[in-house]
Structure formats: C-alpha cells, structure tokens
Amino acid sequence: MSILSIQSSVAYGHVGNSAAVFPLQRLGVEVWPVYTVHFSNHTGYGQWRGPLLPASDVREVITGVEERGAFPGVDAVLSGYQGGEDIGDVILDAVARVKKANPDAIYACDPVMGNAKSGCFVHPAIPVLLRERVVPAADLITPNQFELGFLTETEPETLEDTLDSVDKARAMGPQTVLVTSVLRPDRPEDTIEMLAVNGDGAWIVQTPQLPMKANGSGDVTAALFTAHLLSSGSAAEALGRTASSVFDLLENTLESGERELQLVQSQESIAHPKMQFEVTQVR
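How each quantity is defined
- Residues numbered from 1 in each chain as written.
- Predicted model: local features only at pLDDT ≥ 70, side-chain atom pairs only at ≥ 80, totals over all residues.
- Heavy atoms only, no water.
- Axes fitted to C-alpha atoms, helices over the stretch in contact; angles between N-to-C directions.
- Helix = DSSP H or I, 4+ residues; strand = E, 2+ residues; numbered from the N terminus.
- Left-handed = near helix turned anticlockwise from the far one by under 90°.
- Contact = heavy atoms within 4.5 Å.
- Nonpolar A, V, L, I, M, F, W, Y, C, P; charged D, E, K, R; others polar.
- Core = buried A, V, L, I, M, F, W, Y, C linked by side-chain atoms within 4.5 Å.
- Buried < 20%, exposed > 50% of the residue type's maximum accessible area, 1.4 Å probe, protein only.
- Polar contact = N/O pair within 3.5 Å; in protein donor to acceptor, adjacent residues only side chain to side chain.
- Expected span 1.5 Å × (residues − 1).
- Arc of directions from axis to C-beta.
- Pairing = 2+ DSSP bridges.

K.L.:
Residues and numbers for the packing of helix α7 (residues 217-232) against helix α8 (residues 235-256), please.
P.N.:
Two numbers describe how α7 lies on α8: the axes approach to 8 Å, and their chain directions differ by 145°. Note on packing geometry: the crossing formed by α7 with α8 is right-handed. Facing S217, V220, T221, L224, F225, H228, L229 and S232 of α7, the residues of α8 in contact are A235, E237, A238, L239, R241, T242, S245, V246, L249 and L250. Considered class by class, the residues forming the contact of α7 with α8 number 10 nonpolar, six polar and two charged.

K.L.:
Explain the nonpolar core to me, and be specific about the residues and the numbers.
P.N.:
Within the largest apolar cluster, 43 residues are counted, with the highest numbers of intra-cluster contacts made by L4, I6, I62, V77, Y107, I141 and L195. Sorting elements by how many residues they give to this core places helix α3 (residues 85-101) first, with seven residues. Beyond its immediate chain neighbours, meaning those up to four positions away, V77 contacts L4, I6, V95, V98, I106, Y107 and A108. Counting 38 residues, the second-largest nonpolar core is a separate cluster that includes L178, M194, A196 and L249.

K.L.:
So what's going on with the environment of T152? Residues and values would help.
P.N.:
Tracing the chain through its elements places T152 in helix α5 (residues 145-152). Residue class for T152 comes out buried when judged on its relative accessible area of 10%. As a C-alpha pair, T152 and D167 span 15 residues in sequence and 9.4 Å in three-dimensional space. Once you skip the residues sitting within four places of it in the chain, T152 turns out to touch S165, K168, A169 and M172. Reaching out from T152, the side chain makes a polar contact with the side chain of T154 at a distance of 2.7 Å.

K.L.:
Can you break down helix α6 (residues 159-171) residue by residue, with the values?
P.N.:
Taking 1.5 Å per residue as the helical rise, α6 with its 13 residues ought to reach 18 Å, and the 18 Å between its terminal C-alpha atoms agrees with that figure. By the burial criterion, the buried members of α6 are L159, T162, L163, S165, V166 and A169. One face of α6 carries all of its buried residues, which in axial projection span an arc of 160°. Exposed and facing more than 90 degrees away from the buried side of α6 are E160 and A171. Where α6 is buried, its residues contact β7 (140-141), α5, β8 (176-182), β9 (191-198) and β10 (201-208). Following α6 by one or two positions, G173 has its phi on the positive side, about 150°.

K.L.:
I'd love a proper account of the pairing of β10, names of residues and values included.
P.N.:
With six of its eight residues buried, β10 lies for the most part within the structure. Count of turn residues in the β9/β10 antiparallel hairpin: two residues. Note: β10 against strand β11 (residues 279-281), three bridges, orientation antiparallel. Counted as the bridge partner of W203 is Q281 from β11.

Structural data, given as structure tokens:
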C-alpha cells in the first residue's frame, strides 16, 4: 500500500506529516510525504520558525513524484490542514492526477477547521473551500464533531443529530465519514467517542476521555483510519484498530508528562492494537 501524504511538517514534535508518516510506516505502508510548511515546531507554542512553502513549490514536488511514474501505485492521497486556498488547488489537482493514473485510488481528507473548545481557527476562506470544493472531491473525510457541524451547517449533539449531519456530509460526495471527538450529552462521564459511517452502516466506539490536549492526535487518527480502511475494507474494523492505537498513544503521552505525542514509544500499540474497546453498530 502506498499513500501520497500532503501535509505540514515540523522538525520538533509531531503534527501533520510529522505525526502521520511514522505510524503509517509502522503499519507497513509506503508513504511519500509532501510538505506544505517546514516549521521548527507546531504553532501551539506561540513561537515557531521556518518557511511556509509556496504552493508552486508544493506542486513542483508532486509533479516530480509523478514523473517517477509513481501515481499508478498510489492507493490514497491524504491531506490535513490547508493553510490557504492555493494549497487546496494543488491538492485537488494532485488528487485528479492520481485518480487518472489509478481509478481505484481514494482521497482521504481531514478537514481541519477547529474544535469545540477553540472554535474555528483557520482563515475564513478555508471552511468555504472545504465545503464547496474539497469535501465533494473526497472519498473519506475525518472531521471532529465540531467540524462536521461547520461543514454541514448543522449543530450535531446527540447521536441522532450526528448521524443526520453525517448523512448530509455523505450527500456532498464522500463515501465514508469518520467523526472524531463525538461528545454526546448522554454519554457516561469522562468518555469520548468516534463514529464511522459508510454505505454498509454506522459504528461507534467509546473510550475514556483523558485530561489532556494533544496536538497531532487528529493527524495520527486520520492516517491510521485511512490505512486500516484500505487494508481491511471494513469501517468497523478500521474504527476499532484506530481507537485502540490512538488511546494507547494518548495514555502513554499523558503518563510521560511530555507535551508532544510519544509516537516512537507507542509504536507497538500502533503496529499491534490491543482492540480493547467494543465497536457497536448503531445503524
């Protein structure tokens, strides 16, 4: 399996491609990372150094990969945070070219816009770009519950609300939707859920909610779910494997006392998920 991953990069820590590439490789996936920025660290620190790469440079790198004859072997294009409309254009163009070379390839898009605590933290043009052009081109999207509402102009809270919002998102184009950070009002205290929906049904998994914020965990989640969905063909299995690995990663990070994800230290949990959480079909 090969994935063309077009995302940000940091030297220190783990977000974007610096969060997605190693877990994918640990699963045995060939990854071709294309960087949209190369920063010293993620912007959550308030200070960072390094370049935001021009869209023309990103396009050149992708074209160079294409010229090596790689596109027929690409199983998925993966993208995350899109810093500007011009990068969105480059990603959509790459998806079209990959799909022309391999019609079975999928586009997996993590439509990063914000979260329930921080609100929307991207440029106002980005949600419009995602809603009108990017999501309709995607086969798989991995929004959190807040982003799902933003995309579909709804306010999902209950499971029924969230399923209705997912139906609206799927009507926009994507076959499969993974909703992360599902926070139902009636859930048991100190739990959090993920919901996966495709044409075969809908499944939910519940894990303890750990008292932490971990930059990059959404990038790991999108990467792992994409790989497991491609390898198994089962949204339910991909959901269970992803939830297990990500929970162990977050628990290891919390116990370490470190701010950055403990990816390398958690590699066994990524390669061999414990499958400690029950996946329940809800539709």
